[in-house]
Amino acid sequence: VTLNTLEPGKRFSVNFAAKEGLPIGVYHQTIKLMTDSKETPELSLDLDLRVVAPVSANPAKIVFENLPVSKPDYDISTLSKFTWVTVTRSGGLDLTNITSDLPFIKVKIESVDQNKQTYLLRVGFNDKPKLGKHQGVIKIETNNKDVPFIEIPVTITTN
């Protein structure tokens, strides 16, 4: 925190910056400024900071519930959900590989903005899963040195 005088005895600015390397999370801090004012001898400034991952997926989990795969005419190939992969710091992002440990899941890059900041991924099916509950992950490999890969949990319940 630094205090700068803009106009002596009248106007000041308070500048603050987060420490380098803070872990992902939410931080709260109160700064107290002592003044020579009789009416306001002390000022409190509440600071809130949220450190986010440089690359993230939203939603961070994909859930398909109650898929009626036991019905012979049910066409699972038309069912899909979406997730957005976004880079919040640095330049553009390249997704270098996308895989899933569930063999019936397919992931397709639906769109990407011109600056490669946000990718829209379509998560769907290339085959019917068996009856029951299936859990796995989608692994997205990136060119980001801080986040070389993202894993998105996938849960599928069929009946």
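Anyway, here's the lowdown on the structure attached to this text.

1. Section: the pairing of strand S1 (residues 2-7)
A regular strand places its side chains so that they alternate between the two faces of the sheet. Bridge count between S1 and strand S2 (residues 11-15): 5 bridges; the pairing is antiparallel. When the bridges of S2 are listed, Thr2 appears paired with Asn15. Hairpin remark: S1 followed by S2, antiparallel, with 3 residues in the connecting loop; positive phi at Gly9, about 75 degrees.

2. So, the sheet that holds strand S7 (residues 80-87)
Ordered by their spatial adjacency, 4 strands build an open sheet running S5-S7-S10-S9, and the pairing between neighbours is antiparallel. If you trace the sheet from one side to the other, it starts and ends with strand S5 (55-58) and strand S9 (105-112), each paired once. The average angle at which neighbouring strand axes cross in this sheet is 25 degrees, direction not considered. Pairing analysis gives 7 bridges linking S7 to strand S10 (residues 118-125), with the strands arranged antiparallel. Bridged to Thr86 within S10 is Thr118.

3. Quick look at the environment of Val63
Looking at the secondary structure, you find Val63 in strand S6 (residues 62-67). Along the primary structure Val63 and Gln135 are separated by 72 residues, whereas in three dimensions their C-alpha atoms are 9.3 Å apart. Non-local contacts of Val63, meaning those with residues more than four positions away in its chain, are made with Lys81 and Thr155.

4. Description of the pattern of salt bridges
Under the defined criterion, the tally for this structure stands at 6 salt bridges. Residue Arg122 pairs with Glu110 through a salt bridge whose shortest N-O separation is 2.9 Å. On the criterion of sequence distance, the pair formed by Arg122 in strand S10 and Glu110 in strand S9 is long-range, its members being 12 residues apart. In this structure Arg122 comes out as partly exposed when scored by relative accessible area, which is 31%. Accessibility expressed as a relative area gives 32% for Glu110, which makes it partly exposed. Here Lys145 makes a salt bridge to Asp146, at a shortest N to O gap of 3.6 Å. Residues Lys145 and Asp146 agree in their burial class; the two are exposed. When salt bridges with common partners are traced through the structure, they connect Glu7, Lys10 and Arg11 into a single cluster.

Rules and cut-offs
Residues numbered from 1 in each chain as written. Predicted model: local features only at pLDDT ≥ 70, side-chain atom pairs only at ≥ 80, totals over all residues. Heavy atoms only, no water. Pairing = 2+ DSSP bridges. Helix = DSSP H or I, 4+ residues; strand = E, 2+ residues; numbered from the N terminus. Axes fitted to C-alpha atoms, helices over the stretch in contact; angles between N-to-C directions. Contact = heavy atoms within 4.5 Å. Salt bridge = Lys/Arg side-chain N within 4 Å of Asp/Glu carboxyl O. Buried < 20%, exposed > 50% of the residue type's maximum accessible area, 1.4 Å probe, protein only.

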